[in-house]
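One letter stands for each residue in the lines below.
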There are 2 protein chains.
Amino acid sequence: MSQTVTALLRLRELILSGALAPGERLSELSVVDQLGVSRTPVRAALARLEEEGLLEPIPSGGFAVRAFAVDDIRDALELRGTLEGLAARLAAERGVALPALNEMRRLLDSIDRVIGGGQISAADFSAYIGLNEQVHARLIDVAGSTVVARQIGRVMTLPFASPSAFLEAQGMLPEARAILTLAQEQHRAVLEAIENREGARAEAIMREHARLARRNLQLALGDQEVLRRVRGGALIRHGLRA
Amino acid sequence: MSQTVTALLRLRELILSGALAPGERLSELSVVDQLGVSRTPVRAALARLEEEGLLEPIPSGGFAVRAFAVDDIRDALELRGTLEGLAARLAAERGVALPALNEMRRLLDSIDRVIGGGQISAADFSAYIGLNEQVHARLIDVAGSTVVARQIGRVMTLPFASPSAFLEAQGMLPEARAILTLAQEQHRAVLEAIENREGARAEAIMREHARLARRNLQLALGDQEVLRRVRGGALIRHGLRA
DNA sequence: AGTATACATCTTGTATACAATACTATGGAA
DNA sequence: TTCCATAGTATTGTATACAAGATGTATACT
């Protein structure tokens with residue numbers, strides 16, 4: 001693994017874990033000292049994290065860890081829903097080959113098996129997260145647009161905007177099972193809409209699907225213990241927008 | 001101006017002008033030779049252009065100038081419409097302060113003055129382009145979401161996805177005047193929709209607005225002379241998607 | 001002719017020294 | 001006390017040398 005990738009992964013983790021707090025200032029040399037690599041990979045990593053939105057440049061030099069207001073999170077979720085909705089609509093409008101539809105169906109069947117038992121174990125939940133990510137990735141693929149896929153990928157670099165957003169928090173909800181079931185219903189529904197060429201329906205479903213994460217966001221906001229477990233939770237700043 | 005910015009601007013221009021053709025391979029050292037700057041700014045520029053989507057990395061080393069299929073262009077326009085539509089909807093849902101609305105109204109009045117005369121001169125057209133960009137920028141601002149604004153900014157780094165996309169080609173259409181008038185109607189309509197808190201209407205208008213560029217795209221595709229004048233026209237590859 | 005090996009070349013990753021720029025602190029003058 | 005100039009410090013920009021890894025080519029062997 002290159003030093004650049006190492007620096008990137010470690011720095012990102014320091015940020016998402018809260019070890020580097022929102023507003024904290026980072027200069028190249030301070031990161032060099034912290035990570036013990038030379039300036040060149042540090043520069044590349046800093047530039048990348050700026051592009052991802054985790055860092056913002058300070059006019060007087062260096063970068064600050066970005067703080068995210070609750071409204072920012074909501075907007076990020078809405079953005080993802082809008083883009084995944086676009087992907088779903090394109091897929092419905094353009095049609096999707098049967099093998100790809102079947103592949104998605106198989107993934108959904110796997111999800112059913114994971115959440116269909118009685119109580120959902122930690123292992124089940126973990127499996128669900130993995131499968132959920134795959135479902136979303138497939139959905140973006142079947143739209144058949146590299147332009148759209150690339151853009152969605154960029155949105156999802158923020159932890160709050162990924163399909164797994166706040167799922168750690170969800171696992172702690174009393175109604176965790178019910179929400180998974182609802183989400184899975186939406187997975188099934190959007191597949192059906194795509195197959196039936198119902199573009200507007202597909203789009204609306206995916207938008208609503210992304211909004212499910214708002215419940216988890218609310219939960220995380222009301223409980224410090226939960227917030228601590230949420231990836232990137234340390235970046236959330238209570239109050240109005242940044 | 002730093003060498004990095006110089007390299008970035010020059011390289012981008014070489015690409016958009018067609019001097020560097022789609023598919024052409026660029027290595028760091030070849031660009032160093034071509035631009036006469038050292039590797040460090042070249043690396044930064046190459047990374048940036050990759051992020052913007054103009055270059056794609058080659059597994060064996062170096063970058064290739066990306067070719068855009070016609071479908072990619074259409075998808076990029078649809079993407080911009082979707083995001084600007086989101087911005088318009090958010091603005092309508094959340095409300096916009098009167099001074100900001102008035103600022104937009106003033107810009108639209110300026111556009112009316114520019115296109116309201118008889119024949120549209122080159123200077124008029126040029127002024128329209130500048131004002132059009134400002135209208136769009138204001139529209140994104142009034143949504144009041146930095147998350148969404150940032151994302152739209154990223155989409156618009158591609159020349160085909162900017163509000164000015166293919167406007168050079170439009171200027172050559174016999175019905176250029178009519179299209180400007182229609183676009184301006186849509187500007188007025190979306191402002192009204194925002195003011196009236198009509199989110200769905202605002203969103204639909206901006207989507208349709210972005211699709212206007214398709215006419216210009218068709219024109220450019222059918223006429224090499226026109227295509228040559230379009231910024232980034234050299235990147236367009238006829239045929240199906242890349 | 002096909003395959004393996006050695007060597008050359010290309011390309012990128014990395015570290016580091018030097019230069020340029022911007023910011024901050026300090027001292028002096030009004 | 002306030003303002004301005006200067007010096008010091010911090011930070012980034014840049015160039016370049018060295019190293020590592022990948023690819024391509026030539027040659028020898030089967």
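Each value, and the rule that gives it
Residues numbered from 1 in each chain as written. Chains lettered and ligands numbered in written order. Predicted model: local features only at pLDDT ≥ 70, side-chain atom pairs only at ≥ 80, totals over all residues. Heavy atoms only, no water. Least-squares fit on C-alpha atoms with pLDDT ≥ 70 in both. Contact = heavy atoms within 4.5 Å. Near = heavy atom within 4 Å. Polar contact = N/O pair within 3.5 Å; in protein donor to acceptor, adjacent residues only side chain to side chain. Nonpolar A, V, L, I, M, F, W, Y, C, P; charged D, E, K, R; others polar. Buried area = accessible area lost by both parts, 1.4 Å probe. Salt bridge = Lys/Arg side-chain N within 4 Å of Asp/Glu carboxyl O. Helix = DSSP H or I, 4+ residues; strand = E, 2+ residues; numbered from the N terminus. Axes fitted to C-alpha atoms, helices over the stretch in contact; angles between N-to-C directions. Parallel < 35°, antiparallel > 145°, perpendicular 65-115°, else oblique. Left-handed = near helix turned anticlockwise from the far one by under 90°. Buried < 20%, exposed > 50% of the residue type's maximum accessible area, 1.4 Å probe, protein only. Arc of directions from axis to C-beta. Phe/Tyr/Trp six-rings, centres within 6.5 Å; stacked < 30°, edge-to-face > 60°. Domains from an automatic or database assignment.

Caption draft 1: Spatial organisation of the relation of the copies chain B and chain A. Superposing chain B onto chain A takes a rotation of 180° combined with a translation of 0.1 Å along the rotation axis, leaving an RMSD of 0.0 Å. When the rotation and shift are considered jointly, the pair of chain copies conforms to a two-fold rotation axis. When the interface residues of chain B are mapped onto chain A, 100% of them again lie at the interface, so the same face is used by both copies.

Caption draft 2: Summary view of the protein's contact with DNA strand D. Around DNA strand D, the surrounding shell holds 14 residues, and the nearest of these are Gly62(A), Gln3(B), Thr4(B), Ser38(B) and Thr40(B). Sugar and phosphate atoms constitute 54% of the interface atoms of DNA strand D, taking the interface as everything within 4 Å of the protein. One of the side-chain nitrogen or oxygen atoms of Arg39(A) is found 2.9 Å away from a base oxygen of DNA strand D. Taken together, the residues that form the surface near DNA strand D break down as one nonpolar, eight polar and five charged.

Caption draft 3: Structural context of the interface of chain B and chain A. Counting residues at the interface gives 28 residues for chain B and 28 residues for chain A. Carbon and sulfur atoms make up 46% of the area that chain B and chain A hide from each other, which totals about 2500 Å². Of all residues in chain B, Glu51(B), Val147(B) and Arg154(B) give up the largest surface area on contact with chain A, accounting jointly for 23% of the area buried on that side. One salt bridge in this structure joins Glu203(A) and Arg207(B), with 2.8 Å as the shortest N-O distance. Counting across the chain B and chain A interface gives 14 residue pairs in polar contact (both at pLDDT 80 or more). Contributing elements (two or more residues each) for the side of chain B that touches chain A: α3 (39–52), α4 (70–94), α7 (146–155) and α10 (199–211) of chain B. In terms of residues, the side of chain B that touches chain A owes the most to one element, α4(B), which gives 10 residues. Residues that form the side of chain B that touches chain A fall into these classes: six nonpolar, six polar and 16 charged.

Caption draft 4: Structural context of the packing of helix α9 (residues 176–195) of chain A against helix α10 (residues 199–211) of chain A. All names here are of chain A. Close contact between α9 and α10 brings their axes to 8 Å; oriented N to C, the two are set at 160°. On the basis of their axis angle, the class for α9 and α10 is roughly antiparallel. With respect to the hand of their crossing, α9 and α10 are arranged in left-handed fashion. Contact residues: Ala183, Gln186, His187, Ala189, Val190, Glu192, Ala193 and Ile194 in α9; Arg201, Ala202, Ile205, Met206, Glu208 and His209 in α10. A class-by-class count of the residues in the contact of α9 with α10 yields eight nonpolar, three polar and three charged.

Caption draft 5: Representation of helix α11 (residues 213–221) of chain B. Residues and elements named next belong to chain B. Within α11, burial applies to Ala213, Asn216, Leu217, Ala220 and Leu221. Angular distribution of buried residues about the axis of α11 spans 135°; they occupy a single face of the element. Here the buried face of α11 lies against α4, α8 (167–170), α9 (176–195), α10, α12 (224–229) and β5 (236–237).

Caption draft 6: Quick peek at the packing of aromatic side chains. Residues and elements named next belong to chain B. One pass over the full model with this rule turns up four aromatic pairs over all chains. Summarising the aromatic geometry, the rings of Phe125 and Tyr128 are spaced 6.4 Å apart at their centres and angled 35° between planes, so their arrangement reads as tilted. Here Phe125 and its partner Tyr128 are both found in helix α6 (residues 122–142), three residues apart, which amounts to about one turn of the helix. When sorted by exposure, Phe125 lands in the same class as Tyr128, which is buried.

Caption draft 7: The arrangement of unusual backbone geometry in detail. Phi is positive for Arg197(A), close to 65°, though the residue is something other than glycine. When you line up the elements, Arg197(A) lands in the loop between α9 and α10.

Caption draft 8: Focus on the environment of Arg237(A). Residue position: Arg237(A) is located in strand β5 (residues 236–237). With 234 residues separating them along the chain, Arg237(A) and Gln3(A) place their C-alpha atoms 31 Å apart.

Caption draft 9: Here's a closer look at the domain arrangement of chain A. Residues and elements named next belong to chain A. Here the domain parsing of chain A yields domain 1 (3–66) and domain 2 (69–237). Using only C-alpha atoms to locate each centre, domain 1 and domain 2 end up separated by 29 Å. Between domain 1 and domain 2, the contact holds 14 residues from the first and nine residues from the second. Carbon and sulfur atoms supply 61% of the area buried between domain 1 and domain 2, which totals about 770 Å² over both sides.

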